[in-house]
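The residues making up each chain are set out below.
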Amino acid sequence: MKTEKPILQDLHGRDHAYLRISLIERCNLRCTYCMPEEGVKLSPKNHLMTYKEIYTIAKTFVDNGVTKIRLTGGEPLIRKDIPTILEKLSTLPVELSITSNAVIIDKFIDVLKANHVNKINVSLDSLDAAKFKHITRRHEFKKVYNNILLLVKEGFTVKVNAVLMKGFNDNEIIDFINFTKDLPISVRFIEFMPFDGNKWDMSKMVSYAEVMEYVNASFLKENIERLQDAPNDTSKNYKIEGYKGSFAIISSVTNPFCDSCNRLRLTANGQLKNCLFSSTESDLLTTLRKGKSIEPVIQKAVQAKFKVRGGMDTLKKLQEPKLHNNNRSMITIGG
Ligand code: SF4
């Protein structure tokens, strides 16, 4: 069924060409800002999308204008049929990429290359093994660090995502930037955001402005280059003179970038989230399993999208626990 108005265009005129698919609710790490202390209530197995359903839903989005698909989790690489999922999705005319904690990514170099996945985002919140253990509750720092070096050596485009938390890793901002001196990677500092169970409050967040204070205190002004951000970019990009890599800040809290948002999210149990912060979801999987078209459900969800942060358009609203906790935990959204 073809409708006049593109089903992926919202009422604010934004076209959604980027679909993030969470493949699994499980992870081999336990990051404190992502996985609630008490864990998460996992969906029953038969409520999770099969690889065929992931392909069918993804193809519907691609047929309607999606040009970029990022696979997330939990940790997508621990899903047993990930090679089949990559093989199926790589037949679609999209840029396929993945976000991983890189603990086991060394085992997937060939399958990622075979399926044209060359953009890898790696989550790493500290360059200190003890702090890594503290935040992830696992002893995997060395593997992750070495796998980042391996990915670069193997020619992947690597971005390192670090969620900054005051008093925990904000004193590593310059170390992370210096990590880009000899490595052609992009380190992205993410403002800590509120999700169910992550005990967020504004005082724990390190803002875009605070990151730049560290940068301006450590590098000469003339050596700090502000790079051109790509359209729909979530990050503000910079480069230090003579460094091979770059760094960036993702400021969803203090400087949201919703005007150019082109992202939709599909959860592992087949729910469409029209925004990272949306408190409502649309059930594509049940509709699909009933043999009905999912396009009207997608269109309705896209047209219901708020202009800013799922309706939390002010910092005051974002700080409202009953508003920001009315969402999933990060592990079942996939960032
Ligand atoms: S907060 Fe929601 S609307 Fe804003 S950029 Fe993120 S996903 Fe898009």
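Residues numbered from 1 in each chain as written. Predicted model: local features only at pLDDT ≥ 70, side-chain atom pairs only at ≥ 80, totals over all residues. Heavy atoms only, no water.

### Section: the overall build of the protein chain
Working step 1: Along its length, the protein chain carries eleven helices and twelve strands.
Working step 2: In terms of overall dimensions, the protein chain is globule-like: its C-alpha atoms have a radius of gyration of 19 Å, near the 20 Å expected for 335 residues.
Working step 3: The contacts in the protein chain between residues at least 6 apart in sequence include a share of 74% that link residues at least 24 apart.
Working step 4: Here the protein chain displays about 14900 Å² of accessible surface, and carbon together with sulfur accounts for 53% of that area. (Helix = DSSP H or I, 4+ residues; strand = E, 2+ residues; numbered from the N terminus. Rg over C-alpha atoms; globule rule 2.2 N^0.38 Å. Contact = heavy atoms within 4.5 Å. Areas by Shrake-Rupley, 256 points an atom, 1.4 Å probe, with all protein chains shown as cover.)

### Quick notes on the site of the ligand
Working step 1: As a structural note, the neighbourhood of the ligand is formed by Phe257, Cys258, Cys261, Arg263, Arg265, Cys275, Leu276, Phe277, Lys305 and Arg309.
Working step 2: Broken down by class, the residue content of the shell around the ligand amounts to six nonpolar, no polar and four charged. (Near = heavy atom within 4 Å. Nonpolar A, V, L, I, M, F, W, Y, C, P; charged D, E, K, R; others polar.)

### Regarding the pairing of strand E10 (residues 263–266)
Working step 1: Side chains Arg263 and Arg265 of E10 all project onto a buried face; the interleaved residues Leu264 and Leu266 project onto the opposite face, where all are buried too.
Working step 2: When strand E1 (residues 18–22) meets E10, the two strands line up parallel, connected through four bridges. Directly across from isoleucine 21, in E10, lies its bridge partner leucine 266.
Working step 3: Sheet topology places E10 next to strand E11 (residues 271–273); two bridges connect them, and they run antiparallel. Paired with arginine 265 across the strands is lysine 273, a residue of E11.
Working step 4: Turn length for the E10-E11 hairpin, with the two strands adjacent in sequence and antiparallel, is four residues, and the turn residue glycine 270 shows positive phi of about 75°. (Buried < 20%, exposed > 50% of the residue type's maximum accessible area, 1.4 Å probe, protein only. Pairing = 2+ DSSP bridges.)

### Points about helix H9 (residues 295–303)
Residues three or four positions apart in an α-helix share a direction because the helix packs 3.6 residues into each turn.
Working step 1: Burial in H9 covers these residues: Glu295, Ile298, Gln299, Ala301 and Val302. Projection of H9 onto a plane perpendicular to its axis shows the buried side chains occupying an angular sector of 165°, all on one side.
Working step 2: Buried residues along H9 sit in contact with helix H1 (51–63), E10, E11, strand E12 (282–283) and helix H8 (284–289). (Arc of directions from axis to C-beta.)

### As for the pattern of salt bridges
Working step 1: Counted according to the given criterion, the structure contains 14 salt bridges.
Working step 2: Note that lysine 59 is salt-bridged to aspartate 63, the shortest N-O span being 3.0 Å. Of this pair, lysine 59 and aspartate 63 both sit in helix H1, separated by four residues, roughly a single helical turn.
Working step 3: Judged by relative accessible area, which is 47%, aspartate 63 ranks as partly exposed. (Salt bridge = Lys/Arg side-chain N within 4 Å of Asp/Glu carboxyl O.)

### Examining the packing of H1 against helix H2 (residues 82–89)
Working step 1: The N-to-C vectors of H1 and H2 enclose an angle of 25°; their axes lie 10 Å apart at closest approach. Relative to H2, the element H1 is oriented roughly parallel. Seen from above, H1 lies across H2 with right-handed handedness. Residues Tyr51, Ile54, Tyr55 and Ala58 of H1 touch H2, and the partners they reach there are Thr84, Ile85, Lys88 and Leu89.
Working step 2: Classifying every residue of the contact of H1 with H2 gives six nonpolar, one polar and one charged. (Axes fitted to C-alpha atoms, helices over the stretch in contact; angles between N-to-C directions. Parallel < 35°, antiparallel > 145°, perpendicular 65-115°, else oblique. Left-handed = near helix turned anticlockwise from the far one by under 90°.)

### Topic: the pairing of E1
Working step 1: Of all five residues that make up E1, five are buried, and the element is covered over most of its length.
Working step 2: Of the two faces of E1, the one carrying Tyr18, Arg20 and Ser22 and the one carrying Leu19 and Ile21 are both buried.
Working step 3: Here E1 runs beside strand E2 (residues 68–72); their pairing, made up of five bridges, is parallel. Within the sheet, the bridge partner assigned to tyrosine 18 lies in E2 and is lysine 68.
Working step 4: Tracing the backbone out of E1, into H1 and back to the parallel element E2 gives a crossover that is right-handed. (Right-handed = clockwise from strand over helix to strand, strands pointing away.)

### A short note on the UniProt feature "domain: Radical SAM core" (unreviewed entry) in the protein chain
Working step 1: According to UniProt, the "domain: Radical SAM core" (unreviewed entry) feature falls on residues 11–225.
Working step 2: Annotated as residues 11–225, this span is 30% helix and 17% strand, and its ends, taken at the C-alpha atoms, are 36 Å apart. (UniProt positions renumbered as here; feature names shortened; annotations may be inferred.)

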